[in-house]
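Descriptive structure summary
As a plain string of letters, each chain reads:
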Amino acid sequence: MQRFALIFVPYLWLLALFLVPFLIVFKISLSDVALAIPPYTPTLKDGVGPFIAALDFENFAFLTSDDLYWKAYLSSLRIALFSTLMTLMVGYPIAYGMARAPEEWRPTLMMLVILPFWTSFLIRVYAWMGILSQEGFLNQFLLWSGLISEPLTILNTTTAVYIGIVYTYVPFMILPIYAALERLDGSLIEAAEDLGCSRLKAFWLVTVPLSKNGIIAGSFLVFIPALGEFVIPSLLGGSGTLMIGKVLWEEFFNNRDWPVASAVAVILLLILIVPIILFQRNQQRQAEAEG
Amino acid sequence: MNQAVFTPWDDPSAKPLIRFKGVTKRFGEFVAIDNLTLDIYEREFFALLGPSGCGKTTMMRMLAGFETATEGSIELSGQDIGPVPPNKRAVNMMFQSYALFPHLTVYDNIAFGLRRGTMPREQIDARVSEMLKLTRLEKFARRKPHQISGGQRQRVALARSLAKAPKLLLLDEPLGALDAKLRQATQFELMDIQEKTGTTFVIVTHDQEEAMTVASRVAVMDEGRVMQVATPERIYEAPNSVYVADFIGDVNILKGTATANGTGSYAVTWDEGQRPVTAISDTVFSEGQACFLAIRPEKIAINAERPTDADNAIQGKILDIAYLGNLSTYHVALPGGQVIKAQAANTRRVSRRSFTWEDTVWISWTATAGVLLDQ
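Residues numbered from 1 in each chain as written. Chains lettered and ligands numbered in written order. Predicted model: local features only at pLDDT ≥ 70, side-chain atom pairs only at ≥ 80, totals over all residues.

Turning our attention to the overall build of chain A. A tally of regular secondary structure across chain A gives 14 helices and two strands. Its C-alpha atoms give chain A a radius of gyration of 24 Å, more than 25% over the compact-globule value 19 Å for 291 residues. Taking the principal axes of the C-alpha coordinates as reference, chain A spans close to 75 × 70 × 35 Å. Every one of the 291 residues in chain A was classed for burial, and the buried ones make up 31%. Taking contacts inside chain A between residues at least 6 apart in sequence as the whole, the part at least 24 apart equals 71%. (Helix = DSSP H or I, 4+ residues; strand = E, 2+ residues; numbered from the N terminus. Rg over C-alpha atoms; globule rule 2.2 N^0.38 Å. Buried ≥ 20, exposed ≤ 12 C-beta atoms within 10 Å, placed from the backbone. Contact = placed C-beta atoms within 7 Å.)

With that settled, consider the overall build of chain B. For chain B, the helix and strand inventory stands at nine helices and 20 strands. Dimensions along the principal axes, computed over C-alpha positions, put chain B at roughly 75 × 50 × 45 Å. Among the 375 residues that make up chain B, the fraction classed as buried is 39%. Put simply, of all contacts in chain B between residues at least 6 apart along the chain, 64% involve residues at least 24 apart.

As a further point, take the interface of chain B and chain A. Quoted interface sizes are often the accessible area lost when the parts come together. Across the contact, 16 residues belong to chain B and 14 residues belong to chain A. For the side of chain B that touches chain A, the per-class residue count stands at nine nonpolar, six polar and one charged. (Nonpolar A, V, L, I, M, F, W, Y, C, P; charged D, E, K, R; others polar.)

All names here are of chain B. Ordered in space as E6-E7-E8-E3-E9-E10, the six strands form an open sheet in which the pairing is mixed. A strand with exactly one partner marks an edge of an open sheet, and here the two such strands are strand E6 (91-94) and strand E10 (225-230). The average undirected angle you get between the axes of adjacent strands in this sheet is 20°. Judged from the five bridges that link them, strand E7 (residues 168-172) and strand E8 (residues 200-205) form a sheet pairing that is parallel. (Pairing = 2+ DSSP bridges. Axes fitted to C-alpha atoms, helices over the stretch in contact; angles between N-to-C directions.)

This brings us to the domain arrangement of chain B. All names here are of chain B. Partitioning chain B into domains gives domain 1 (2-246) and domain 2 (250-373). Here the C-alpha centre of domain 2 lies 38 Å away from the C-alpha centre of domain 1. The partner domain 2 presents six residues to the six residues of domain 1 that form the contact. A class-by-class count of the residues in the side of domain 1 that touches domain 2 yields four nonpolar, one polar and one charged. (Domains from an automatic or database assignment.)

Further remarks concern the nonpolar core. Within soluble globular proteins, side chains that are nonpolar generally end up buried alongside one another. Residue and element names in this part refer to chain B. By size, the foremost hydrophobic cluster in this structure holds 108 residues, and its most contacted members are Ala47, Leu63, Ile110, Leu170, Val202, Val220 and Leu293. Per-element accounting of this core gives the leading share, six residues, to helix H5 (residues 150-163). Counting residues domain by domain, this core receives three or more from each of domain 1 (2-246) and domain 2 (250-373). Setting aside residues no more than four positions away along its own chain, Leu63 makes contact with Ile18, Ile74, Val91, Leu168, Leu170 and Val202. (Core = buried A, V, L, I, M, F, W, Y, C linked by C-beta atoms within 7 Å.)

Another aspect to go through is the sheet that holds strand E5 (residues 79-80) of chain B. Residues and elements named next belong to chain B. On the basis of which strands lie adjacent, the open sheet formed by four strands has the order E2-E1-E4-E5 and antiparallel pairing. Sheet topology places strand E2 (30-40) and E5 at the edges, where each strand pairs with a single neighbour. Note: strand E1 (residues 18-27) against strand E4 (residues 71-76), five bridges, orientation antiparallel. Opposite Thr24, over in E4, you have Glu71 as the bridge partner.

All names here are of chain B. With five of five residues buried, E7 is to be regarded as a mostly interior element. By the alternation rule, side chains of E7 split into Leu168, Leu170 and Asp172 and Leu169 and Leu171, which are all buried. Pairing of E6 with E7, which is carried by four bridges, proceeds in the parallel orientation. Note that in E7 the partner of Val91 across the bridge is Leu168. For the handedness criterion, the β-α-β arrangement of E7, helix H6 (residues 180-197) and E8 is classed as right-handed. (Right-handed = clockwise from strand over helix to strand, strands pointing away.)

With that settled, consider the environment of Ala304(B). All names here are of chain B. Structurally, Ala304 can be placed in the loop between strand E15 (301-303) and strand E16 (312-323). The class for Ala304 is exposed, based on 11 C-beta atoms found within 10 Å. On a C-alpha basis, the gap between Ala304 and Glu71 in space is 59 Å, while along the polypeptide they are 233 residues apart. The contact partners of Ala304, leaving out residues within four places of it in the chain, are Ser354 and Val361.

This paragraph deals with unusual backbone geometry. The peptide bond linking Ile37(A) to Pro38(A) adopts the cis configuration, its omega dihedral lying at -10°. The residue Pro38(A) is located in the loop between strand E1 (32-33) and strand E2 (40-41) in this model. Cis geometry marks the peptide bond from Thr41(A) to Pro42(A); its omega dihedral reads 5°. Relative to the helices and strands, Pro42(A) is located in the loop between E2 and helix H2 (48-53). With phi around 45°, Ser77(B) is a residue other than glycine that occupies positive phi space. The partly exposed category is assigned to Ser77(B), around which 14 C-beta atoms lie within 10 Å. Within the chain, Glu223(B) stands out as a residue other than glycine whose phi angle is a positive 45°. In this structure, Glu223(B) sits in the loop between strand E9 (217-222) and E10.

Looking now at the packing of helix H4 (residues 67-100) of chain A against helix H8 (residues 158-182) of chain A. Residue and element names in this part refer to chain A. Contact pair H4 / H8: the axes reach a minimum separation of 6 Å and the direction vectors enclose 45°. Classified by the angle their axes make, H4 and H8 are oblique. Pair H4 / H8 crosses with right-handed handedness. Considering only residue class, the contact of H4 with H8 consists of 22 nonpolar, three polar and one charged. (Parallel < 35°, antiparallel > 145°, perpendicular 65-115°, else oblique. Left-handed = near helix turned anticlockwise from the far one by under 90°.)

The next point concerns the confidence of the model for chain B. All names here are of chain B. Across chain B, the average pLDDT comes to 88, with 98% of residues at 70 or higher. Mean pLDDT in chain B bottoms out at helix H1 (residues 2-5), which sits at 53, and peaks at helix H3 (residues 106-111), which reaches 96. Note on the complex model: pTM 0.81, ipTM 0.82. (pLDDT = per-residue confidence, 0-100.)

Right, let's talk about the packing of helix H9 (residues 186-194) of chain A against helix H10 (residues 199-210) of chain A for a bit. Residue and element names in this part refer to chain A. One can describe the packing of H9 onto H10 by two numbers: an axis separation of 10 Å at closest approach and a directional angle of 135°. Classified by the angle their axes make, H9 and H10 are oblique. H10 is crossed by H9, and the crossing has right-handed handedness. Residues Leu188, Ile189, Ala192 and Glu193 of H9 touch H10, and the partners they reach there are Ala202, Leu205, Val206 and Thr207.

Further remarks concern the environment of Ala99(A). All names here are of chain A. Counting through the fold element by element, Ala99 comes out in helix H4. Sequence separation of Ala99 and Met110 is 11 residues, and the distance between their C-alpha atoms is 10.0 Å. Sequence-distant contacts of Ala99, that is, excluding residues within four places in its chain, are made with Tyr178, Leu181 and Glu182.

Quick look at the environment of Ile37(A) now. Residues and elements named next belong to chain A. By the element assignment, Ile37 lies in the loop between E1 and E2. Using a count of 6 C-beta atoms within 10 Å as the deciding quantity, one classes Ile37 as exposed. Here the alpha-carbon distance between Ile37 and Gln283, two residues 246 residues apart in the chain, equals 44 Å.

Written out as structure tokens, the structure is:
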């Protein structure tokens, strides 16, 4: 009985905060748009029989008819993938540097990585608008230093979205990689060198494979939220940046087409389930290897 | 018999494999190695022995290439290896922690070094199989390091460091992580493998018994200096200083002054109220020179009656008995208060032992039993 209660609590949590909202969204995705409150039909007020009869998959069919949607999904996938790679390339050297730093420095360095979380995410993204705009700090600095003569257009481009995503998510990449690298026994690198590896070769053959779990965990922690990212593309990206999170928002709040927006959300969730399952399996395998 | 023949260090024409020439290593202010000169010969099993912090690990790391000498030079087969990076040296090391790659199988660990060269695949395969056979690991080739026991891991580390057939193999406390029984068995295994492969081994250890068992020569180190380099027998029987005598095994040190009482024979006055003891020594002492007489406990006999034929005999009282199973160490208090340790084999069972606490006994030793030291 006690065991049942222990298992039941987290499941109740999942049920209330994930499954029920998902079912509501899924139900809306099967509905039709209506000029009413709420803005869709049918509702349970219509009675159970007509309610079920009125549900259909036409919103999902609609998503395939307009190429905006699959283009937005593909573009989101591409942006999420490339920004994950870029975050990895930025984050790995930072994590490596932190793990190699003298022991007494490490808590401070860790603090510096976590520090941005103390400010609102939204404010930090707005700050990037101030940096990247035509008259922003970056352009002013480049003009002052004489590197460019015309201000660069960065804000409202996909480049700004990449900068925003890499900046925002880099701590999620650094922390798991740092955790893996910090545990790495230095004598393994010496052993690799002793057996004929150059420094670089030892890095590829020993350091990278042994931080693999950190790289995988960090990549998923960046990829999954980046795929559905809405704030960064809508504030930093221009009209040319197509991301599914933005499309979703526009369907909900500009078109007030809740059923189509819900269908978009359901598909996004289905796409995300694959990397989430892969991520879980990686975590599990890691736990088993250590246990 | 082989042992008796193999003494390249006594042969002035023999070329050493490794030559430390006036090597000094400093870490900031700290002097880890102090102007060290040492030759190690091919096919030797050389032990660096000393307490922690004596510089033995630093010496090994300089041989491997992980540290460079601050002054002086290190030669390997006549070539200065100072500027050669670790991956270019014909030297391999077996790490104290074994440093096995956890993401690779036993087979891949052993093949790791071979794959860095240009050796063709079949040859690598053959060499790894040979190593697996040598270390009796054939059954575990496909396992990962965390799936095998500590003793097996130790053998994988050995196989991996031997796979490239290095000129010199360095072993950093190789048996430190093994339990006593396994350690003894592995010591003999190591000697066996060393003989089979003919590789020069340099072993670092703080365990004197281990050094004595495996090594052809032992260097006793202290604070960055080599105190004595000699065969295990000579280190034990003829230490050149009180430090070495005291570091290796158990010893009684009598501090006194020497007076010649014959050719190469000295009377050592070591305590007022005691008769001087006689000791034979090759070292020449001047009249009244301060000296130390070092005598191993097992060279001191213990008797109920005064033995008639002993050169030195003193009466005392048994203070303590340390029972070691095969041996017992008797702590005998002399009238002056000093305690001398004497060791006797337990040829009879304990219940029938001839001496017990508070017994008055005679301890005795011959003139050649001790070593007379000047420092």
